[in-house]
Amino acid sequence: MLQENNTVEYGFRRVIITITAITCALLEIVDTTIVNVALNDMRGNLGATLNDVGWVVTAYAIANVIMVPLTSWLSQQFGRKNYFAASIIIFTTASFLCGNATNIWELVAFRFIQGLGGGALLVTSQTIITEAYPPEKRGMAQALYGMGVIVGPTLGPPLGGYIVDNYSWPYIFYINIPIGIIATMLTLNYVASPNYGGKKKASEIDWLGIFLLILAVGSLQYVLEKGQEHDWFSDPLIIVLAITGVGGFYMLIWRELTIDNPVIELRVLKDKNLAVGTIFTFILGFGLYGSTFIIPLFTQSILGWTALDAGLLLVPSSIATGLMMPVVGKLIQRGVPQKYLVAGGFIIFFLYSFWAHGIITPQTGNDDFFWLLMVRGVGLGLLFVPITTLALSTLKGKEIAEGAAFTGMVRQLGGSFGIALISTFISRSTFMYRADLIKNLSPYDPIVQQRLEGSKQMFMSAGSSPDMALQKGYQMFEMSVMRQASLLSYMDVFLYIGIFFLLCAPLVLIVRSAKNKAVSTEGLH
């Protein structure tokens with residue numbers, strides 16, 4: 001077995017490496033969400049339809065999730081420092097091209113390239129930070145990395161809203177350029193590139209495995225991103241890609257388990273802690289991205305908040321998570337079993353969801369959300385670092401790199417599943433509740449007649465004819481019913497997410513304790 005490379009850094013060098021890695025992780029994650037608040041401006045400026053502009057988000061997500069599982073293998077092929085620096089350069093250059101795009105499909109193409117560059121930043125940042133710290137401090141290293149991963153999704157919308165409101169949408173991409181240049185220079189000067197071997201000749205490369213990975217993951221990500229928009233399996237393209245994704249995964253698993261030099265080493269999942277940690281990582285992605293998605297959606301669609309206000313609402317919660325990270329890192333360093341922290345995080349996340357189910361109304365205000373979201377922040381803080389360290393805790397050598405890349409992909413897919421499932425549930429549940437509410441409303445009910453007459457008089461006083469005023473009154477009544485139906489759907493979503501997390505807590509019982517508290521990073525890329 002290869003001896004562990006001496007990659008531990010001290011003093012100023014470790015500080016610089018940590019800042020560089022966290023900055024790159026933040027760049028990638030912020031760019032996942034920052035464009036959401038600018039889509040309307042892009043649509044108007046580039047003359048695109050709503051469906052077309054949605055590809056700005058989808059293209060980045062597909063490219064990103066394809067590259068994450070390839071990161072470990074590509075690091076072996078080209079050297080970690082070279083691959084990481086090249087990824088930053090690709091990401092930064094694509095950011096400049098995105099800002100200069102003259103039509104929607106140029107922007108979509110450049111976003112895809114940006115996603116290819118960004119795919120390496122998350123997983124490689126994690127391994128760079130981990131290797132820079134001695135074994136007894138690697139729980140704290142994961143905590144520092146986790147601060148970037150947790151804060152990033154909630155930092156994007158308010159930052160994007162501020163830039164769009166005060167400048168213009170290209171600047172959400174231009175802001176990456178100076179940061180990317182500095183990160184590239186720091187990477188080339190400070191980041192180590194340990195030689196673990198593993199470089200393959202062109203004839204030894206698993207080209208079929210790479211093709212099957214792109215086919216399977218790309219198809220699945222498209223289905224998750226676009227399924228609700230196209231009413232799922234009523235669209236022939238969604239059906240074809242769903243079959244392609246499932247078939248591609250089946251062929252990929254068969255291929256990677258039967259060849260000597262797989263591009264993704266699936267045999268590493270024989271480790272029980274990694275297998276369970278992968279499940280937990282999927283759940284974490286579901287909870288992190290799902291809750292980051294549903295809160296702004298609720299505040300904007302039901303409460304009528306602006307995108308900037310909705311984004312700012314999540315910032316204190318992210319700060320709470322960030323403050324929890326060093327605390328959790330210290331607890332792990334002192335020997336507190338990760339599985340107990342994970343169980344506590346699941347239970348706290350249940351309490352957050354159950355609390356949200358009970359307090360949301362059309363009159364819920366910013367103050368009502370504050371402590372609720374602080375509880376969410378504490379729950380996520382208890383989940384991220386223990387899950388990350390637990391998944392890798394019993395792996396050795398190159399297995400750790402392969403496990404890190406695998407869990408990175410699963411976290412992204414968990415977020416995509418969460419958003420797709422939540423948006424589909426809200427859409428369908430809202431129409432079911434509307435149908436139930438309409439059944440209980442009669443045009444002969446005095447209260448209904450009184451409300452319609454009041455609305456009619458209001459519109460007539462504004463200059464509408466009696467017939468037009470009555471029609472507008474019915475429309476207002478319909479909007480009121482739909483709003484109530486939507487509110488009931490959001491209440492259900494919070495309740496079901498909470499129950500889901502509570503049911504996941506007993507899974508920690510099947511986790512076995514690692515012999516060493518610290519995670520070895522021998523062979524980690």
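It should be noted that the structure appears before, not after, this text.
**Digging into the overall build of the protein**
- Counting its secondary structure elements, the protein contains 19 helices and zero strands.
- Per-residue burial over the protein gives 55% buried out of 525 residues.
- In the protein, once contacts between residues fewer than 6 apart in sequence are set aside, the share between residues at least 24 apart is 83%.
- Of the roughly 22,600 Å² that the protein leaves accessible, carbon and sulfur atoms contribute 65%.

**Digging into the packing of helix α12 (residues 272-301) against helix α16 (residues 366-392)**
- Where α12 meets α16, the closest approach of the two axes is 9 Å, and the angle between their N-to-C directions is 155 degrees. As far as their axial angle goes, α16 and α12 are roughly antiparallel. Classified by chirality, the crossing of α16 by α12 is left-handed. Seen from α12, the contacting residues are Asn 273, Leu 274, Gly 277, Phe 280, Thr 281, Leu 284, Leu 288, Ser 291, Thr 292, Ile 295, Phe 298 and Thr 299; seen from α16, they are Phe 369, Leu 373, Arg 376, Leu 380, Leu 383, Phe 384, Ile 387, Leu 390 and Ala 391.
- Considered class by class, the residues forming the contact of α12 with α16 number 14 nonpolar, six polar and one charged.

**As for α16**
- An ideal rise of 1.5 Å per residue puts 39 Å on 27 residues; α16 measures up with 39 Å between its terminal C-alpha atoms.
- Along α16, 19 of the 27 residues are buried, which leaves the element largely enclosed by surrounding structure.

**Considering empty space enclosed by the protein**
- Per the stated rule, a full pass over the model turns up two cavities of 30 Å³ or more.
- In this structure, the largest cavity occupies an estimated 90 Å³ of space.
- Within the residue set of the lining of the largest cavity, elements represented by two or more residues are α12, α16 and α17 (398-439).
- Among the residues making up the lining of the largest cavity, the classes are represented as five nonpolar, five polar and one charged.

**Remarks on the packing of aromatic side chains**
- Scanning the model with the defined rule gives 16 aromatic pairs in all.
- Ring geometry for Phe 298 and Phe 369: centres 6.2 Å apart, planes at 70 degrees, overall edge-to-face. In this pair, Phe 298 is assigned in helix α12 and Phe 369 in helix α16, connecting sequence segments 71 residues apart. Each member of the pair, Phe 298 as well as Phe 369, is classed as buried.
- A connected cluster of aromatic rings, assembled from ring pairs, spans Phe 280, Phe 286, Phe 346, Phe 349, Tyr 352, Phe 494, Phe 500 and Phe 501.

Cut-offs used in this document
Residues numbered from 1 in each chain as written. Predicted model: local features only at pLDDT ≥ 70, side-chain atom pairs only at ≥ 80, totals over all residues. Heavy atoms only, no water. Helix = DSSP H or I, 4+ residues; strand = E, 2+ residues; numbered from the N terminus. Buried < 20%, exposed > 50% of the residue type's maximum accessible area, 1.4 Å probe, protein only. Contact = heavy atoms within 4.5 Å. Areas by Shrake-Rupley, 256 points an atom, 1.4 Å probe, with all protein chains shown as cover. Axes fitted to C-alpha atoms, helices over the stretch in contact; angles between N-to-C directions. Parallel < 35°, antiparallel > 145°, perpendicular 65-115°, else oblique. Left-handed = near helix turned anticlockwise from the far one by under 90°. Nonpolar A, V, L, I, M, F, W, Y, C, P; charged D, E, K, R; others polar. Expected span 1.5 Å × (residues − 1). 1 Å grid on protein atoms, 1.4 Å probe; cavity = no way out; pocket = protein on both sides within 12 Å on 5 of 7 lines; lining within 4 Å. Points joined across faces, edges and corners; volume = space filled by probe spheres on them. Phe/Tyr/Trp six-rings, centres within 6.5 Å; stacked < 30°, edge-to-face > 60°.

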